[in-house]
Structure formats: structure tokens, C-alpha cells
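Here are the chains, one letter per residue:
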Amino acid sequence: MSKLSYTIPDSLDEEIEELELLIKKFSSGDITEGELKARRVPFGIYEQRRRGTYMVRIRCAAGVITPSQLRGVSLIALKYASGLLHVTTRQEIQIHDVVLDDLIAIVRELRSIGLSTRGGGGNTVRNVIAPWNAGIDSGEVFDVTPYAVALTSAITKRSDSWLLPRKYKIALVGSDKDAVSALINDLGFIAKIKNGEKGFQVFVAGGMGRKSATGHLLHDFVKADDIVIVTEAIKRVFSKYGNRKNKHAARLRFLWKTLGKDNFIQSYLQEREQLLSEGIGKLSVQSFSYEPKRVLSENSSSKSKGYELWKSRHVGAQKQNWYYSVRIPLKHGMIHAEKAKKLADYLIPFGESVIRFSGDQNIMLRHMPQSQLETIYRLSRRVSSLTDTAVLAGNSIACAGASTCQLGICRSRAALSEVMEWLQSGDADIDSVADVKMHLSGCSNSCGQHVIADLGFYGKVGRNGQHSYPVYAIVGGTEVTENNSLKLAEKIDEISAHDLPELVEEIIADYSTKKQKYDTFATYLKSEGNDLIRHKCDKLGDIPPFSENKAYYRDWGDTEIFSLAGKGNGECSAGLFDLIDIDLEKIKQLRLKIEKDDAVKPLDLYTLALLSSRMLLITKGVEAFNESDVFARFKEHFIDEDLIEVKFSTVVKAGRESKIDDFTNLKQNVFDLSEAVEKLYEGMDNSLQFKTPVQENEQLSQKNDNSSTDLQKDFRGVACPMNFVKTKLALSALKSGQILSVLLDEGSPIENVPRSVSAEGHEIVDQQKLDNYWKVVIKKK
């Protein structure tokens, strides 16, 4: 194998045999789907949205793959799958649309070409990443690629790398200018030279997600061959103290908070001492230098149309004279195996170290001689539809979003495609903004890496009257300040998905004309960009009613009206809290407006009372039919249940009877009501329970001696996500270990509710179809 390929651990063959046996047991009905899932996911094998089809994720340390390996992956994808390959933001490559019976054959064939899927998913040590230009960048301190590969070999041979509380992500970078990557991983190394010796500055406990955090300085300098000790010691701290019960609070950044800085570091030092006493060795790094292969030149006096523009966009200089790097831009990281094979066949004569996968999901070539560039241009046009587009099109990132992801709220890839069409057909000089990083996520989880974007977006739910519509929160301003301190992108405003392309075009057009004034996009935002965005959002902020323009209520790439239905595995909760936050934000804004107005406007006070009464109805599983019903339901579920004081009955009665003028004399009461509701929300826990005394709102069934069910509920006819809310409420009335039985409709309810319940830690004991509906038995955690 190549010197730049990681070493396949000896244990892999035996682990493949174990997985093969489990698949056979699952196929024969001897084990459950959950039991198989627990073993296949750490193997980098995920079930796709279409039941019975799988994705296989292949580890590529530092984004390295040889041309021969890429050819092998392509042939495997053509032989066993649809041929669709996907380059990830973590520099791996995935094979899509695989059936269960072919999984083992694929894993074994990958192993034969020096590749492994182990650690491609689950609570494991994930792919170790490095900049795509490591080794060719004139500004790097030294090439970190051999260290990333050696570290991969060292940690993947340890069995405890596959049994962690949560995923463990590691990054190495060659200089401070790439510090973002090191600061946003669980463990990050930045190359340094001290007293003539190679080493790294070390950061720990960074990470992206719903609650992103930047890494903390652990070492100002460690010797380069000591990074394996650091990595193993942190892994042991994580394994010993990490939260294995709640995956939403399990990453290292949460452990840092739980233990506190001093205890975390003390625990790390203890594990480090223990490893040294056990005789852990130094990192064994193989030196590597590129030896250029002799490739016949193609001398062409006439250049292809578009060649020079392509060269200015996608060809870069290397620190090795006479060689060039070339970007093969991929739309959303996708390439068909036939095209990948064509590319690999061309590159094989150039040697092993000519391909890297980049974090922005492109294929980067290196060590390409000048004489080959036009040939590569023609080849790139055959394999990539983005070859003749600006760099921004290939470098922008969008996660799968709601099109395939169970967590997604919005269809971020379709939105990015629409944005790029607007930009390419507009007047903005998008070639001048090649350095802008534009990232989209389908929800507040950071799979699209919006928290480290120059200009980022994440999907949310908006509401206009009784109708929901797709929205994007706008974030920006990521920058690394002094001493490698990372400032994550901050929220600027919100825009409907429908108006997103128009907004982005205006931002890019404005920035492209003023770029020379600013060092970075973050500086532009602070100076004038944020104001432009807020002004534009105000201008586009009035969403037309559903009856007038349904386009606002459809997401990009979707013909159906936008809905939370069909989204599961915890995203029901995300949608629930989005809806509450929308009303809360409007309440705060309206209070400020009313306080500033000289004259009392009864309609504003009525609206404030309406929003306050509506905000928490969803936590009770209640859907009001109209505004009068909002007030009626609020009285029934909050005042009559002693959650809100009875003194607000006067306000609620005026609202229920639509006596707008009566609100003229109720200003203080309305303000007090809104604050009481906000305070109630602040005290609500994740089980939707409030701190104030609550009357029992559920009737526990009499426990039948012949049945283990403690509570039964019939949620047939209840749509998503309300059926999930009602299930949570029912569970909140039970004690740990008690059993809830719910009836759910076929379709989205049975697809979503059990997954969302499982994601919160409860156990699905049984699930069976009865006629045209389902019975689900849940054990409370």
C-alpha cells in the first residue's frame, strides 16, 4: 500500500466476520433491527431514507485516496450499488444505494484495496482530517498529512476506539490560517516549530451542533510524535466520564462543562501519566516525498474555449515549482462512479499522491504539470457540471436537509441550487468572491457547517396565521482573532426560504463591489453588511396569506405544501420549540413597540394577548381553530389548571369575545399576562412540564393484572407533530420504567413518533400493526 495510506488493523477481518454473522441472524429473524443497527453504524453503514437500502462511508485519512483506490471504489459502486458516490465534508467518500445482502462483499473488497469503513459512523473515532493543500501550501509550517495518517493507524487498531459515549473528531492543520478546523473539532492540532523541533498547539472540546463551541487550549506545544499520547489520554477521559445516557449532551464539549476546566485537565493529566506508565510509544511517522512520474506531454497550440477562465478559477500554484493543483468541483459533493473511474484512470500514471478530498466536498488534484492542464480541463468538463462555473458554486456547502435527512426542517440543497442559479443569472461578479464560504444547514444542527461560514443559513419553521412555511436564519461573521480565538457565526436575521435567493444575490452583489475596502467578509458584515441584510429582511418580511400566494408555503425542490409531517427522530421537538420561539419573539417585539408608542393602540394589545395565549398551547397538544378558540383553550388548559393566575380571566374573556376596544384599559394586565407566560415557558423542562403546580391532566388507566400497560392513549387522527407532543405529555405522567401504549395512524405518525420517542431515551418495547393503524408500546426512561 501507499506510504500515505493508513494501516488496516489486524482485527478488521474478524470484525467483518462478526458483522456478517449478525446480518445473517437479522435476515433469519434471530435478532432485531436495533441489534443489527448497533453494530453496522460503527462500521460506517447507515440505512437511507428508502427502507432496505444503505450507504457505506469509507475512511480517507486527511482526504487521501490513491487513483487506484478511487478506481476500485468506483468499480465497487458500479458492481453493487447505484453508482452514486458522495464526497463528505469530513473528506470521506460514500457509496450509496446498497442492499443488505451486498454489504459484506463491499466491505471486504474495500479492505482488499487498503480502505476501511470502520469508524465511519456511530460513537467512534471518526475520520482524521487535514487541509486539502497540506504538503503543497507555501504558507504551512510543515506538512501534517503523514501525522494524520499515522495517527489514524495508531488509534484504529485499539478496540476502545469503537465504544465511546459519542463521536470523537480530530483535525490537524499546518498553520494558524487554517485554525478554524482545529478549533471546531473535539481535538485539534495546529502545526508549530519550537527550538527547531516540529510540534503542535493543541485545542480540545470544540464541536459543531445545536450547541456549537470552540476548542480550549490544552497545550501551547507538544512534540509532533507525542500527539498519539494526547489523543489516547483525551479518549480515555471521554470514555470514562462522558454521558452515555443522553446522546444530545454527550460530546466532549459538554463533558468540559460538566467537569469544569480544572477537573477536565486534571483527569487528562492522570490518563496521560497512566499511558506513559503502560509504555505507550511515540507516533511512528513515515516520511514521504513526492516523486514526479514521467507523463507524456500533450502540446496543443490552440486552447479550448473557456480554458483561460477555467484556469484562473480552478488552477493554483504549489510550493513545488512547475506543478499545479486543480479543483474538480462537485455539486453537493456528488459524482457518478463512471466519471470517478474515468478520472482515476487518467491519474494513475501520475503516482499515488495526486488526489485529496476537500472539506468543501470537491476533488483536488496536485502535482499536475503545466503541459497537462488543458487535458485536465477537458476531462473536468466531462466529469463535472460545475467546471465552467465560478468557484463559489463548488465551494458552497449544503447538508442533505429535509430531502433525505430525518432531522432536516428545510431542503437546504435545493435552496443552494436555487441560490446559485440566481447568482449565475444575475449581475453580481461572483468570481470576485471566491473566498466567501457560504454554508446551508437544513436545521439548527450544523451538518452544513453554518456556524463556521462567512455567510450561513439554517432552516427553521415560520408561521403565518395557521400555516407554517420554511424559513432560514441568517448567520455570519466567522473569524479567528488573536491567539487562535474563534468567533463563530452569529445570527443576523431571518428570511423566508422563498426570498432567500433574492437576498443572497443582493448581499453578494453589494460585497463584490466593495470587497477592496475590507480585509474579510466578517469586516464587511460588521461595517455595513449586517445593516443591508436587516433592511432587506424588513422589506421582504411581510409573508402573503396562504390564500394569496402558496409559493411561500412550499420549500425549494418540493411540490407539496410545507409541513413538519414526515420529519422524525427528534426533529418533532425541534419544530415544536421553533413554533414557541416564533411567538415569543413576536411578543417581545410587540411589547417594545407598545412601550414606545405614545397612544395606546387596542389592536396591538389584543394581538399581544393573543400571542401570549397561543404560545404554549402546543405543549398541551392543543390546536385552536380560530383566534376566539385560542383564548378559550388557553383558559381551559392554563387558567383552569392553575398554571396562570385567574386574574387574567378578564383579558382572556375580552379576547374570546373579540372586544378589541376593551383592551384600551387593559394594557398593564396584558403586559403582565405576556410576562407570566414567558416565565412559565422558562420553567418548562424537556418533558413539557412546568414548575408551577400542575393538576394531573392525564387519566392513568387502571392497571390490569393481565397487562403490563400503565397508560393507554389513542392518537389516531392526530397529525404530526401534535401526536408526538401528546405522547410526550402522556409519558410525563408516568414514572421511570412504567409502560405507555399508544395507537397511531399509518404513514408519517408511525414513521416519526417512535423514532422521536427513542431519540429522547425511551424504549420502544413493541410495535405492531392492527388493521389500518399501529399499536406502539413504550417504556419510560
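Predicted model only: the values in this text are computed from it and were never measured.

J.: Could you give an account of the overall build of the chain, naming the residues involved and the relevant values?
T.: Helices and strands together make up the secondary structure of the chain, namely 23 helices and 24 strands. On C-alpha atoms alone, the chain measures out to a radius of gyration of 28 Å, which is about the 28 Å that the 2.2 N^0.38 rule sets for 781 residues. Based on the C-alpha atoms only, the size of the chain along its principal axes is roughly 85 × 65 × 55 Å. Considering the chain as a whole, with its 781 residues, one finds that 56% of them fall into the buried category. Counting contacts in the chain only where the partners sit at least 6 residues apart, residues at least 24 apart contribute 67% of the total. A total accessible area of about 33,800 Å² is found for the chain, and carbon and sulfur atoms account for 46% of it.

J.: How would you explain the packing of helix H3 (residues 67–80) against helix H4 (residues 103–112) if you had to name every residue and give the values?
T.: Taken N-terminus to C-terminus, the directions of H3 and H4 make an angle of 165°; their axes are 10 Å apart at the nearest point. As summarised for this structure, H3 and H4 are arranged roughly antiparallel, according to the angle between their axes. Regarding H3 and H4, the two cross each other, and that crossing is right-handed. The segment H3 lies against H4, with Val73, Ile76, Lys79 and Tyr80 engaging Ala105, Ile106, Glu109 and Leu110. Grouping the constituent residues of the contact of H3 with H4 by class yields six nonpolar, no polar and two charged.

J.: Describe the packing of helix H19 (residues 627–639) against helix H20 (residues 649–656), and please don't skip the residues or the numbers.
T.: H20 packs onto H19 with a crossing angle of 150° between their chain directions and a minimal axis gap of 7 Å. Considering the angle they form, H19 stands roughly antiparallel to H20. Where H19 approaches H20, its residues Ser628, Phe631, Ala632, Phe634, Lys635 and Ile639 are matched on the opposing element by Ser649, Val652, Gly655 and Arg656.

J.: Hey, could you go over the layout of surface pockets for me, with residue numbers and the actual values?
T.: Size it by volume and the second largest pocket reaches roughly 1,200 Å³. Lining the second largest pocket are 37 residues, and of these Arg463, Tyr469, Ile582, Lys586 and Gln589 lie nearest its centre. Among the elements of the structure, strand E16 (455–464), strand E17 (467–476), strand E20 (490–496), helix H16 (521–539), helix H17 (571–596), helix H18 (602–614) and H19 are those that each provide at least two residues to the lining of the second largest pocket.

J.: Which residues make up the sheet that holds strand E9 (residues 315–317), and what values do they have?
T.: One open sheet holds the four strands; their spatial order is E9-E10-E13-E12, and the pairing between them is antiparallel. Since the sheet does not close on itself, it has two edges, and those belong to E9 and strand E12 (355–357), each with one partner. Each adjacent strand pair in this sheet contributes to an overall mean axis angle of 25°, direction not counted. As paired elements, strand E10 (residues 323–328) and strand E13 (residues 363–369) share five bridges and run antiparallel to each other. Of the residues in E13, the one forming a bridge with Tyr323 is Pro369. Across the sheet, helix H12 (residues 373–383) is in contact with E9, E10 and E13; its angle to E10 comes to roughly 10°.

J.: Could you give an account of H16, naming the residues involved and the relevant values?
T.: Look at H16: only 23 Å from first C-alpha to last across 19 residues, short of the 27 Å you get at 1.5 Å a residue. The largest bend in H16 is about 65°, located at Glu528. All of the buried residues along H16 are Phe521, Ala522, Tyr524, Leu525, Gly529, Asn530, Leu532, Ile533, Lys536 and Cys537. Buried positions along H16 lie against E16, E17, strand E18 (479–481), E20 and helix H15 (500–514).

J.: Could you give an account of the environment of Phe457, with specific residues and numbers?
T.: On the secondary structure map, Phe457 appears in strand E16. You can call Phe457 buried: its relative accessible area is 0%. Residues Phe457 and Val475, spaced 18 residues apart in sequence, show a C-alpha to C-alpha distance of 5.9 Å. If we skip the residues at most four places from it in the chain, Phe457 touches Met438, His439, Leu440, Ser441, His450, Tyr472, Ala473, Ile474, Val475, Leu500 and Val504.

J.: Tell me about the pairing of strand E6 (residues 187–194), and name the residues and values.
T.: Looking at chain direction, strand E5 (residues 170–173) and E6 are connected through four bridges and run parallel. When the bridges of E6 are listed, Ile170 appears paired with Leu187. Relative to strand E7 (residues 197–204), E6 runs antiparallel, the two being bridged by eight bridges. Bridge assignment links Ile193 to a residue of E7, and that residue is Lys198. In this antiparallel pair of consecutive strands, E6 and E7, the connection spans two residues, and Asn195 shows a positive phi of 50°.

Calculation criteria
Residues numbered from 1 in each chain as written. Predicted model: local features only at pLDDT ≥ 70, side-chain atom pairs only at ≥ 80, totals over all residues. Heavy atoms only, no water. Helix = DSSP H or I, 4+ residues; strand = E, 2+ residues; numbered from the N terminus. Rg over C-alpha atoms; globule rule 2.2 N^0.38 Å. Buried < 20%, exposed > 50% of the residue type's maximum accessible area, 1.4 Å probe, protein only. Contact = heavy atoms within 4.5 Å. Areas by Shrake-Rupley, 256 points an atom, 1.4 Å probe, with all protein chains shown as cover. Axes fitted to C-alpha atoms, helices over the stretch in contact; angles between N-to-C directions. Parallel < 35°, antiparallel > 145°, perpendicular 65-115°, else oblique. Left-handed = near helix turned anticlockwise from the far one by under 90°. Nonpolar A, V, L, I, M, F, W, Y, C, P; charged D, E, K, R; others polar. 1 Å grid on protein atoms, 1.4 Å probe; cavity = no way out; pocket = protein on both sides within 12 Å on 5 of 7 lines; lining within 4 Å. Points joined across faces, edges and corners; volume = space filled by probe spheres on them. Pairing = 2+ DSSP bridges. Expected span 1.5 Å × (residues − 1). Bend = angle between axes of the 7 residues up to and from the residue.

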